[in-house]
Amino acid sequence: MEHQGLSTTMRRVLLLINCLILAVSICGGPLMMGLYYVEGGSRVWLSSWLQTAGWSLTLIPLAILYFYRRKVEGSNAKFYLITPRIFIASFVIGVVTGFDDFLYSWGGSKLLVSTSSLLLAAQLAFTSVGAFFIVKLKFTAYSINAVILLTVGAVLLGVRSNGDRPEGVTSKAYILGFMMTLLTAALYGVILHCIELIYLKAKQVITATLVL
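Residues numbered from 1 in each chain as written. Predicted model: local features only at pLDDT ≥ 70, side-chain atom pairs only at ≥ 80, totals over all residues. Heavy atoms only, no water.

Participant: Looking at this model, I keep getting lost on helix 9 (residues 171-201). Mind explaining?
Facilitator: In an α-helix there are 3.6 residues to a turn, and that puts residues three or four apart on one side. Compared with an ideal rise of 1.5 Å per residue, which puts 31 residues at 45 Å, helix 9 spans 45 Å between its outermost C-alpha atoms and is within 8% of the ideal. Among the residues trailing helix 9, lysine 203 stands out with phi positive, at a value near 55°. (Helix = DSSP H or I, 4+ residues; strand = E, 2+ residues; numbered from the N terminus. Expected span 1.5 Å × (residues − 1).)

Spelled out as structure tokens, the structure:
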């Protein structure tokens, strides 16, 4: 299968690049969105679209990896590795992710960045629950502790809604934004395990190209 010839160094480089991109996006994304709304932005659809607009950038590493396969395998290298079943599953997950982005953008427009970030941190709790039901992973003392702490944090934020509510946002809009952001965390926790489930059911080698 493809990528068996990749060196350990190359694999670590790919992993490092992905980790760096993820770290920058997780830290900078909420700040950029919060700045957009603070400065008077109101187009929720634009904020939602921007969260997934960078998908086209994956064509660059895909092209590089394809030419690498051509170099290693010659004319026998496949142009794409994704099967119809994985494509359909990925399409469905993509649509759900778009809906999740809309919930996140709408909720973020009604909350402070600090509040929405803490609520999104509850994704860890939902991820733990999803891991138990979807991919059959067992709870550990660490995951249970995280679930309890993040749940308590979300409850405390709800109790202190008056102090954390941005200026000009009604109590009703704040509560709705609060619930949407919490739903965003829950839905994304499920999405992550659905992606993992696809990998488990793929019955083929999980490579960088397939993931992209």
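Structure shown, so let's carry the discussion forward.
Participant: Would you explain the packing of aromatic side chains in this entry?
Facilitator: Given two aromatic rings, one states the distance between the centres and the angle between the planes to describe the pair. Taken as a whole and assessed by the stated rule, the structure comprises three aromatic pairs. Their ring planes at 65° and their centres at 5.2 Å tell us that tyrosine 36 and tyrosine 37 sit as a pair that is edge-to-face. For tyrosine 36, a relative accessible area of 26% translates into the label partly exposed. Against the face of tryptophan 106 rests lysine 110, its NZ or CZ located 5.1 Å from the ring centre. (Phe/Tyr/Trp six-rings, centres within 6.5 Å; stacked < 30°, edge-to-face > 60°. Buried < 20%, exposed > 50% of the residue type's maximum accessible area, 1.4 Å probe, protein only. Lys NZ or Arg CZ within 6 Å of the ring centre and 35° of its normal.)

Participant: Explain the packing of helix 4 (residues 84-108) against helix 9 here, please?
Facilitator: Between two packed helices, what matters for the description is the angle formed by their axes and the separation of those axes. One can describe the packing of helix 4 onto helix 9 by two numbers: an axis separation of 8 Å at closest approach and a directional angle of 160°. Between helix 4 and helix 9, the crossing angle belongs to the class labelled roughly antiparallel. Along this stretch, helix 4 crosses helix 9, giving a crossing that reads as left-handed. (Axes fitted to C-alpha atoms, helices over the stretch in contact; angles between N-to-C directions. Parallel < 35°, antiparallel > 145°, perpendicular 65-115°, else oblique. Left-handed = near helix turned anticlockwise from the far one by under 90°.)

Participant: In this structure, what is going on with the environment of proline 61? I would like to understand it.
Facilitator: Note that proline 61 resides in helix 3 (residues 59-73). Proline 61 sits 147 residues away from alanine 208 along the chain, and the two C-alpha atoms are 9.3 Å apart.

Keep in mind these numbers describe shape, not what the thing actually does.
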